[in-house]
There are 2 protein chains.
Amino acid sequence: MLLFSLTISSQAQNEDSIVIRKIFDEALQNGKAYDHLKVLCKNIGHRLSGSPQAAEAVKWAEKAMADFGADTVFKKDVMVPHWDRGAKEKAEIFPSKSRNIIPLNVLALGGSVGTDKGPLLTQVIEVKSLASLDSIPAKDIKGKIVFLNEHMDAKYVNTFEAYDHAFMIRWACARKTAPLGAVAVIIRSVNPSLDDFPHTGVMSYADTIKKIPACAISTNDADKLSALLKKDPLLKIKLEMHCRMLPDAASHNVVGQLNGTALKDKYLVVGGHLDSWDTGEGAHDDGAGVVQSMEVLNLLKKAGVVPKHNIRAVAFMNEENGNRGGIEYAELAQKNNEKHIAAIESDAGGFTPRGFFIKGDSLQRNKILAWKPLFAPYFIHSFELEGGGVDIGPLRKKQNTFLMGLLPDTQRYFDIHHSPNDVFENINRRELELGAATMAAMIYLIDKYGLE
Amino acid sequence: MLLFSLTISSQAQNEDSIVIRKIFDEALQNGKAYDHLKVLCKNIGHRLSGSPQAAEAVKWAEKAMADFGADTVFKKDVMVPHWDRGAKEKAEIFPSKSRNIIPLNVLALGGSVGTDKGPLLTQVIEVKSLASLDSIPAKDIKGKIVFLNEHMDAKYVNTFEAYDHAFMIRWACARKTAPLGAVAVIIRSVNPSLDDFPHTGVMSYADTIKKIPACAISTNDADKLSALLKKDPLLKIKLEMHCRMLPDAASHNVVGQLNGTALKDKYLVVGGHLDSWDTGEGAHDDGAGVVQSMEVLNLLKKAGVVPKHNIRAVAFMNEENGNRGGIEYAELAQKNNEKHIAAIESDAGGFTPRGFFIKGDSLQRNKILAWKPLFAPYFIHSFELEGGGVDIGPLRKKQNTFLMGLLPDTQRYFDIHHSPNDVFENINRRELELGAATMAAMIYLIDKYGLE
């Protein structure tokens, strides 16, 4: 059987298990990811591409990687989209038969236009799902605000599966409702729980379709608004948004490298994204991935690993609304003839690591699966899901790089995702450091054995 | 190979996977454990054995189990130890060379005596570990408060392994220091993180050894006190504790049962404990286990399972400081000739389920292991650890019952355990409901296939 022929010898397994134990011991006892993340979240805070905070974060990452003792630290220019929220959005519910105006906490979706001709004040039509839009007569929508109250599907144990569908609710809300005559769209936040935080995230327009303002309300507010509309279908909402797209801005990916000793033209990458949405502190999304990636270099050094390949921690810029950093990184790698063997991304939250998403050929998959026993002592079991990551995706397109995504526990992620709730206080030190150790152990094995 | 011979047929696996999918779908979409736990935590709160709240909790559990549609609900008398904290403890640090008294937030350990002859005011000796006590001359300890500043070992990925050792720090702190002349003992809380919550828990005396007051301080306060003692070894602490042991009190286990249709003299149990420490709300420890156990009955009914065995959800009383409920339950089962085939306990927190602890013979283990593929879609992978649970332990002694303990993710548990931090707000709905589904799926399989 193929699997057995790929199984590494028991002596090697033993050596490997000792190195991996060192990596995890160091992470749990002295890991530095948590302390780094605190600085990023509390001293800089959220950092949308093009913002002054994003520029601060680039400086911070450069310094932090150098402090770690990376052999080489450099940054690479990336031009990024620059969307700006402007003054805080404002929304109010005007009942049709009373003067008791009810404030509504809205958060513009990333990329939305504002209410540029002044506040909107108009009726609202609730729509239960994107799919059901087709069955609603355009006359019922025309001139109104569409309230898209589609729930994230709770039944998926892996919440990222639910997000695969729910993403479209947010991404397509304007381009699906504008052609029907909607003047704005308010979505139920993409979040499986009932809470009071609106969640933002990227949405899109099409060149041929009118651009209408798009924003989110919390799941609790969505339930309340739905109940209000049942009692008072003629209520109006006043909506004021000041967001706008500015010209592209100059920014950077930041790279820290441990120089390879044997395979000096080959590269392994571990990365996360430095930018975040402009709410909360970008703690889980994706400060966690950035500090874990930096920590991989630290843990390998502390465990005495002398890498064959060049090993890079990359803090990518602009994952959230453009992926310019990921695209630029892959193009430059190709241009410079840097052969990227494998890339691991951490961008699914700083929760307890459970395994990896994998994108590669069957031989590579089987090689990884043969290492499963080395991860079992750390309760890392899941190596079956297909996937990589947004930032490292372009490397596969350019160089057929083997991709992995760190898979943490997913139950809490979308409660926090793109919301004011994504703050450092919601990070657990042990969970975060374990994620760094898990990636470091995988990088150690790929560096030692390759993937061919 | 034995494993293959025990593997159930693929058709049966398919039927089973459909039932298990129903159980998980119901739990994630309509699970009631979370709503029940909210009532227990917010309307009743913490509920130490013998307290009025414990009596309230018994009433609540009876009613909640009946509301679930259990075929039979009953309670069984248990006499329980009744320890009472009395008025809030008070401690202050008196520097030797200044009048700047520093308050210290202490929490008496469960079972401790008070400072019955009035507040203590005396010097303090810091001891780094229980083990190092032997090397300290008794004259250095005599008349002083011992500050036992032993850290919970961070390097165990499974924090319950660290607790196996750390438990002794708390349990034996008085009986190890009193013979050396200590007048009281303050321990560093058994908690791997740095925070501001003192953690209580059971401690013990020996009849032949003087009973001295014992309390805990938070890990942050332990670091502060240690630093203060380095600068000022002659500082004193004033300690005032009003706790005391009262006569045993009458209480109850609460049992809800789905009646068996084929094996009417045989029983399967799923349980947690209704009592909690008298701080926080007993949310993870072990309100979670109680509501999950009740929810198992609900999920089985909703999935259309017609049980062969009698299936009981048991809310045990007095796990924390006596295990009287567990002992009484097993004795009664033996007396009534109720044959208990298997028991599953949930008492390790309401976090994402990862697997089960198991205590049984190798044939039973292998049978369980053959079911692993049925749990993999739900990210339940860990079936290797030895263990059962405190409440169900006596069933094994009496009847050689097969035991399992639900194993949730362990990273956050000891941050919360026995502290004011164990509140409903630290429960995640999906994680809690998934734990109930995991136990329901296991009970379904054991009920269908038996363990012989």
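Since we're looking at a predicted model, the values are computed, not measured. In this convention, every chain numbers its residues from 1, walking through the sequence in written order. Chain A is the first chain written and ligand 1 is the first ligand written, with later ones labelled in order. Residues qualify for local features only when their pLDDT is at least 70, as the model is predicted, and side-chain atom pairs are given and counted only at 80 or more; totals for whole chains, interfaces and linings, by contrast, use all residues.

**Some remarks on the overall build of chain A**
For step 1, the next point in the chain: Think of it this way: any DSSP run of H or I at least four residues long counts as a helix, any run of E at least two long counts as a strand, and we number them from the N terminus. Looking only at helices and strands, chain A features 15 helices and 15 strands.
For step 2, the next point in the chain: With the radius of gyration taken over C-alpha atoms, the globule rule is written as 2.2 Å times the number of residues to the power 0.38. The C-alpha atoms of chain A give a radius of gyration of 23 Å, which matches the 22 Å a tight globule of 452 residues would have.
For step 3, the next point in the chain: Its C-alpha atoms put chain A at 80 × 45 × 40 Å along the principal axes.
For step 4, the next point in the chain: Residues counted as buried form 55% of the 452 residues belonging to chain A.
For step 5, the next point in the chain: Residue pairs qualify as contacts under a 7 Å threshold applied to their C-beta atoms, which are placed from the backbone. Taking contacts inside chain A between residues at least 6 apart in sequence as the whole, the part at least 24 apart equals 83%. Counting other C-beta atoms within 10 Å of a residue's C-beta gives its exposure: the residue is buried at 20 or more, exposed at 12 or fewer, and partly exposed in between, where C-beta atoms are placed from the backbone.

**Observations regarding the relation of the copies chain A and chain B**
For step 1, the next point in the chain: To superpose the copies, least squares is applied to the C-alpha atoms of every residue with a pLDDT of at least 70 in both. Once turned by 180° and shifted 0.0 Å along the axis, chain A lies on chain B with an RMSD of 0.0 Å. Expressed as a symmetry operation, the mapping of one chain copy onto the other fits a two-fold axis. If distances are taken from each C-alpha of chain A to the rotation axis, the shortest is found for A:H381, at 3.4 Å.
For step 2, the next point in the chain: With an isologous cut-off of 70% or more, the 100% of interface residues of chain A that recur at the interface of chain B puts this contact in the isologous class.

**A word on the sheet that holds strand β9 (residues 236-240) of chain A**
Residues and elements named next belong to chain A.
For step 1, the next point in the chain: Each pair of strands is called paired provided DSSP finds at least two bridges between the two strands. The strand order β3-β2-β9-β5-β6-β7-β8-β4 describes an open sheet built from 8 strands, whose pairing is mixed. Among the strands making up the open sheet, the edge pair consists of β3 (102-104) and β4 (107-108).
For step 2, the next point in the chain: Where strand β2 (residues 90-94) and β9 come together, 5 bridges link them in antiparallel fashion. Counted as the bridge partner of F94 is K236 from β9.

**Some remarks on the interface of chain A and chain B**
Bring the parts together and some accessible area is lost; that lost area is often taken as the interface size.
For step 1, the next point in the chain: With 22 residues of chain A in contact, the opposing surface of chain B contributes 22 residues.
For step 2, the next point in the chain: Take the side of chain A that touches chain B: its biggest share by element is 4 residues, from helix α2 (residues 10-30) of chain A.
For step 3, the next point in the chain: Each residue gets one label: Ala, Val, Leu, Ile, Met, Phe, Trp, Tyr, Cys and Pro are nonpolar, Asp, Glu, Lys and Arg are charged, and the others, such as Gly, are polar. Its residues assigned to classes, the side of chain A that touches chain B comprises 7 nonpolar, 7 polar and 8 charged.

**A look at the domain arrangement of chain A**
All names here are of chain A.
For step 1, the next point in the chain: An automatic or database domain assignment supplies the residue ranges for each domain. What the domain assignment reports for chain A is domain 1 (2-82 + 247-449) and domain 2 (86-242).
For step 2, the next point in the chain: Distance from the C-alpha centre of domain 1 to the C-alpha centre of domain 2: 34 Å.
For step 3, the next point in the chain: With 15 residues of domain 1 in contact, the opposing surface of domain 2 contributes 19 residues.
For step 4, the next point in the chain: Classifying every residue of the side of domain 1 that touches domain 2 gives 5 nonpolar, 8 polar and 2 charged.

**Re the pairing of strand β14 (residues 353-359) of chain B**
Residues and elements named next belong to chain B.
For step 1, the next point in the chain: A large share of β14 lies buried, amounting to 7 of its 7 residues.
For step 2, the next point in the chain: For β14 and strand β15 (residues 402-408), the ladder comprises 6 bridges, and the chain directions are antiparallel. Looking at β15, one finds that F356 is bridged to L406.

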